Amino acid sequence: MQKRIALFGSTGSIGTQALDVIAANPSLFSVEVLTAQQNDELLVQQALQFAPNMVVIGDESRYQKVKAALAHTDTKVFAGEKALEEVAAMDCYDLMLAAIVGFAGLKPTLAAVEMGKAVALANKETLVVAGDLVMKKAIEKRSPIIPVDSEHSAIFQCLVGENLNPIDKIILTASGGPFLGKKPNFLVNVKRDHALQHPNWVMGAKISTDSATLMNKGLEMIEAKWLFNLRPEQIQVLVHPQSIIHSMVQFQDGSVKAQMGLPDMKLPIQYALAFPQRLPNTFPRYDFKKPNTLSFEEPDTKTFRNLVLATEALFKGGNLPCVLNAANEIAVYAFLRNRVGFLDMTDVVERTMEKVPFIAQPSLEDYFESDAAAREFAATLIHL
Ligand code: NAD
Ligand code: MG
C-alpha cells in the first residue's frame, strides 16, 4: 500500500528534497496534494510530474495561470490561504509533510492534526508559536508528529525503544552558522548574501538567516520542549561545527546516544516519510576512515543574543515564544530586503518581547492576536 502524501510547501528547500525522496520510492509513496505560495511555475512542473489529486497556490493572483496549465489533467486547483486549511482538513491523504515556512504553516498543520493525520513536521514555527495546543490536540486525535528538523529527527531516532526510560537531558547541536567565531564589530556590516552562505546546509532564505543569527537554535529549543515533553532545564545547546552529530540524548544512567551522518536533509525527510521503516538509499555516507575531527564548544551568547532571548521565551512560555517568532519573522524579512542590519534583528525581537503584553495561558485566538500585535510593533521599529 502506498502512503498518500500531502506536501505543504512543495516548492521550497524541504519540499523539493521530499519530492526527490518520493520519486526514488514510487512503490511506497504517492503524492496527493502539492502547495506553493508564489512559485506557480515549479508547482505546475511538479504537478505534471507527480499527478496529485489537488494543488493549492497560496497567492490567488496566480490561480488562473496554474488552472490553465493543468486544465488537461485530473488535478484540481485551489487558491488562497483558506484553501490551504480546507485541503489540509480533507480525508484524502495519510501523511502531511508540513514544509511551509513560518507562522503561515500553523493553520494547515493544525487542520491535519485535527483530522488525526500523521504529520512529518519541518515547520518548526508551528510548535514555537502554539506547541502546547498543537501537542495536546495531537494526543487527543492520536495524530503522530514525526520531526523532520535534523536535530529533532536525531533525538526522535535516539528515543526509539526507550519509551520507559526518562530522559536526563538532550543536547541540541548547532553548526554555529556562517559567522561562528565572529564578533559584533564584524557582524554589524554583514549583508544578506553573506548571511545566506551556510557552511553545511543549503536551505530556504528564512531558516538560513535564522541559522546565521542562532535564532534557529533558539526556535529549536522551544520545538524540542514540545516534541519531547521536556522541562527547559533539560535542553542544552552545543556548537558542533562539522554537523555530523545531529543531536544527542543523555539518559538517567549517564549513557549518551547520538545520531550521526553527513548533513543532508534528505535523510531526516526520508525517515519521517517512511517511519517506522528505514529505507535503503544512495545518499553519500560519512566515512570514519578519513581524517576528521568532531569538535564541540559552548555557544557565544554574548554575541548571538538571540539564544538568550529564545531561552527567556522557553522558560517563561505563554505567548512569549509566539511574540519572539513573529518579531523575528518581520526582522528577518526586513534584513533580507536590506532594510535592517544584522544586529538590529535581535534588537527588534527584544523590544517587541518587552512591548507585547504577556499572556500566561493563551488560547488559539490569543496566539493569533499576539502574532499580529508583535508583527505590527516590530514593523514600526523598522519603519516598514
Ligand atoms: P523555503 O522558503 O525554501 O520554502 C517554503 C515553502 O513554503 C515554499 O514552498 C513556499 O511556497 C511556501 N510558503 C512560503 N510562504 C508561505 C505562506 N505565507 N503560505 C503558504 N505557503 C508559503 O523554506 P524551507 O527552507 O524549505 O523551510 C521550510 C520549513 O522547514 C521552515 O519552517 C524551516 O524552518 C523548516 N526546516 C527547513 C530545513 C531546511 O534544510 N531547509 C531544515 C530544518 C527545518
Ligand atoms: Mg535544524
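A quick note: this is a predicted structure, and the numbers were derived from the prediction, not measured. (Residues numbered from 1 in each chain as written. Chains lettered and ligands numbered in written order. Predicted model: local features only at pLDDT ≥ 70, side-chain atom pairs only at ≥ 80, totals over all residues. Heavy atoms only, no water.)

J.: Can you walk me through the sheet that holds strand β5 (residues 95–98) in this structure?
T.: By definition, the strands of a sheet pair up through backbone hydrogen bonds, in either a parallel or an antiparallel sense. If you trace the seven strands from one edge of the open sheet to the other, you get β4-β3-β2-β1-β5-β6-β7, paired in parallel fashion. A single partner strand is all that each edge strand has here, and the edge strands are β4 (76–79) and β7 (145–147). On average, each strand axis in the sheet is tilted by 20° relative to the strand beside it, whichever way the strands run. Bridge analysis of strand β2 (residues 29–36) against strand β3 (residues 54–57) gives four bridges, and the strand direction is parallel. In the sheet register, T35 faces β3, and the bridge partner there is V56. (Pairing = 2+ DSSP bridges. Helix = DSSP H or I, 4+ residues; strand = E, 2+ residues; numbered from the N terminus. Axes fitted to C-alpha atoms, helices over the stretch in contact; angles between N-to-C directions.)

J.: Explain the packing of aromatic side chains here, please?
T.: Aromatic ring pairs: the centre-centre distance and the angle between the two ring planes describe each pair. The full count for this structure, using the stated rule, is eight aromatic pairs. Centroid distance F156 to Y271: 6.4 Å. Interplanar angle 80°. Geometry classified as edge-to-face. Taken together, the positions of F156 in helix α7 (residues 150–159) and Y271 in helix α12 (residues 266–274) put the pair 115 residues apart, joining distant regions of the chain. Judged by centre distance (5.3 Å) and plane angle (90°), the rings of F179 and F342 are edge-to-face. Of this pair, F179 sits in the loop between β8 (167–174) and α8 (184–187) while F342 sits in the loop between α14 (320–336) and α15 (344–355), and the two are 163 residues apart along the sequence. Each member of the pair F179 and F342 is classed as buried. Through a chain of ring-to-ring contacts, the aromatic side chains of F179, F186, F335 and F342 assemble into a single cluster. The cationic tip of K117 hangs over the ring face of Y93; the distance from NZ or CZ to the ring centre is 5.1 Å. Residue placement shows K182 over the ring face of F186; its charged tip is 4.7 Å from the ring centre. (Phe/Tyr/Trp six-rings, centres within 6.5 Å; stacked < 30°, edge-to-face > 60°. Buried < 20%, exposed > 50% of the residue type's maximum accessible area, 1.4 Å probe, protein only. Lys NZ or Arg CZ within 6 Å of the ring centre and 35° of its normal.)

J.: Sorry, what's going on with the site of ligand 1 here?
T.: Inspection of the region around ligand 1 gives 22 residues, with T11, S13, Q37, E125 and G204 positioned closest. Contacts to ligand 1 include G204, whose backbone N or O atom sits 2.9 Å from an oxygen atom. Surface burial for ligand 1 is 85%, taken as the share of its 830 Å² of free accessible area covered by protein chains. At the level of secondary structure, the elements contributing two or more residues to the shell around ligand 1 comprise α1 (13–24) and α6 (124–140). There are two domains that each give the shell around ligand 1 at least three residues, and those are domain 1 (3–147) and domain 2 (152–264 + 287–312). (Near = heavy atom within 4 Å. Polar contact = N/O pair within 3.5 Å; in protein donor to acceptor, adjacent residues only side chain to side chain. Areas by Shrake-Rupley, 256 points an atom, 1.4 Å probe, with all protein chains shown as cover. Domains from an automatic or database assignment.)

J.: Just checking my understanding: could you explain the pattern of salt bridges for this structure?
T.: Side-chain pairs of opposite charge can arise where the charged atoms are in close proximity. Applying the stated criterion across every chain yields a total of 26 salt bridges. The salt bridge involving K137 is made with E140; its shortest N-O contact spans 3.8 Å. Taken together, the residues K137 and E140, both in helix α6 and three residues apart, mark about one turn of the helix. Taking relative accessible area as the criterion, K137 reaches 21% and is therefore assigned partly exposed. Note that E233 and R231 form a salt bridge whose closest N and O atoms lie 3.3 Å from each other. Judged by its relative accessible area of 53%, E233 falls in the exposed class. If you follow the salt bridges from partner to partner, you end up with D40, E41, D59, R62 and K65 in one network. (Salt bridge = Lys/Arg side-chain N within 4 Å of Asp/Glu carboxyl O.)

It is worth stressing that arrangement in space is one thing and function is another; only the former is reported here.
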